[in-house]
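Listed below are the residues making up each chain.
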Amino acid sequence: YNSLSSNAMTNLFEGLVENYTIRKICLRGNFMDDDAAPALRDFLLYNNVVDDLDLGSNKLGYECTYSLAEGIGGNRSLKNLTLDDNNLNAAGTAPLAAFTAGLCLNTTLRMLIMDSNRLGSDWGYGIAGALARNNTLVQFSFRDNRLDERAGEALLKAFKHAPFLLEVALSKDEVGEAM
C-alpha cells in the first residue's frame, strides 16, 4: 500500500477531472480521509471517463460520505464503485438520506461494494429502499455492516423488487434465520 498525503490526493482528484483516457482507478489503502472530500466530489461530478473506482481500505468518513452521495448522484460514467473497509460508520446516519438519494439518481452504477464499514441497521434499512428504486445496479455487497434482522429482511425484500439486481452479498449472521 502506498500512502499519498492529503495534498497529493486532492491534486490527483483535481487532475483527474481533466482526464480523458484513464478508465480504471485504484486508490486502495492510501489513508485517504475527509480532507480529500471536496476534490472527490468534483471528480465524481465532472469526470465523465472513469468507470471503475476503488477507494477501499481508506479512512473515508463523514465529509467523504456526503461527497460520495453528491458525486454518485450526478456522475454519468461510473459503473463500479468499491468503498469497502473505510470509516463510513464514523459518518453516522446523518448522510444516509443524501447517500440513498444519490444512489437513486445514479443511472450508470452497476456494482457497489460497501463491505466492512460497520454502518449499522439504519444504513441497511435505508440502502434497501434505494436498491428497490435503482434500476441499474446489478451487484451489491454489504457484508459485515452490523445489521439486525429487520435490516437484513429489508435488504432481501429489496432484492425481490429490483429486477435488474442479480447479486446481493450479505453476511449470513446478519440476515437472521431462514423462514
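Please refer to the structure placed before this passage.
So, how was this worked out
Residues numbered from 1 in each chain as written. Predicted model: local features only at pLDDT ≥ 70, side-chain atom pairs only at ≥ 80, totals over all residues. Heavy atoms only, no water. Helix = DSSP H or I, 4+ residues; strand = E, 2+ residues; numbered from the N terminus. Expected span 1.5 Å × (residues − 1). Contact = heavy atoms within 4.5 Å. Buried < 20%, exposed > 50% of the residue type's maximum accessible area, 1.4 Å probe, protein only. Arc of directions from axis to C-beta. Phe/Tyr/Trp six-rings, centres within 6.5 Å; stacked < 30°, edge-to-face > 60°. Lys NZ or Arg CZ within 6 Å of the ring centre and 35° of its normal. Salt bridge = Lys/Arg side-chain N within 4 Å of Asp/Glu carboxyl O. Disulfide = S-S within 2.5 Å. Pairing = 2+ DSSP bridges. Axes fitted to C-alpha atoms, helices over the stretch in contact; angles between N-to-C directions.

A. Region of interest: helix α5 (residues 121-133). Compared with the 18 Å implied by 1.5 Å per residue over 13 residues, the 19 Å span of α5 between its first and last C-alpha is a close match. The secondary structure elements touched by the buried residues of α5 are α3 (62-74), α4 (96-105), β5 (139-141) and α6 (149-160).

B. Quick peek at helix α2 (residues 37-46). Within α2 the residues assigned to the buried category are A37, A39, L40, F43 and L44. Each buried residue of α2 sits inside an arc of 165° when the element is viewed along its axis, so together they form one side. Opposite the packed face of α2, turned more than 90 degrees from it, sit the exposed residues P38 and Y46. On the buried face of α2, the contacting elements are α1 (6-17), β1 (24-26), β2 (52-54) and α3.

C. Structural view of the packing of aromatic side chains. Applying the stated criterion across every chain yields a total of four aromatic pairs. Relative to F43, the ring of F13 has its centre 5.4 Å away and its plane inclined at 35°; by these criteria the two rings are tilted. Of this pair, F13 sits in helix α1 while F43 sits in helix α2; the two residues are 30 residues apart in sequence, bridging distant segments of the chain. The exposure classification of F13 matches that of F43, with both residues buried. Seen from their ring centres, F99 and W123 are 5.5 Å apart, and the 55° between their planes marks the pair as tilted. Here F99, found in helix α4, pairs with W123, found in helix α5; they are 24 residues apart in sequence, far enough to count as distant. Take F99 and W123: they sit in the same class, and that class is buried. A cation over an aromatic ring shows up here: R150 above the ring of Y125, its NZ or CZ 4.2 Å from the ring centre.

D. Region of interest: the environment of K160. Mapped onto the elements of the fold, K160 is located in helix α6. Sequence spacing of K160 and A132 is 28 residues, and the spatial spacing of their C-alpha atoms is 8.2 Å.

E. How the structure looks around the pattern of salt bridges. Enumeration over the complete set of coordinates arrives at seven salt bridges. Between D84 and R28 there is a salt bridge, and its shortest N-O distance comes to 2.7 Å. Of the two residues, D84 sits in the loop between β3 (80-82) and α4 while R28 sits in the loop between β1 and α2, which places them 56 residues apart along the sequence. Of the residues examined, D84 reaches a relative accessible area of 15% and is grouped as buried. Judged by relative accessible area, which is 23%, R28 ranks as partly exposed. A salt bridge links D122 to R150, with the shortest nitrogen-to-oxygen separation between them at 3.6 Å. With D122 in helix α5 and R150 in helix α6, this pair connects stretches of sequence that are 28 residues apart. Each of R28, D54 and D84 takes part in salt bridges that share partners, so that together they form one network.

F. Examining the state of the cysteines more closely. Under the definition given, this model contains zero disulfides. Note on C26: no disulfide assigned, nearest cysteine sulfur contributed by C64 at a separation of 16 Å. For C26, a relative accessible area of 51% translates into the label exposed. Among the residues examined, C64 registers a relative accessible area of 0% and is labelled buried.

G. Molecular detail of the sheet that holds β1. Taking strand neighbours across the sheet as the criterion, the six strands line up as β1-β2-β3-β4-β5-β6 in an open arrangement whose pairing is parallel. At either end of the open sheet lies a strand with only one pairing partner, and these are β1 and β6 (167-169). The sheet shows a mean angle of 0° between the axes of neighbouring strands, taken without regard to direction. In this structure, β3 lies alongside strand β4 (residues 111-113), joined through three bridges in parallel fashion. Opposite T82, over in β4, you have I113 as the bridge partner.

Coordinates in, geometry out; function isn't part of it.
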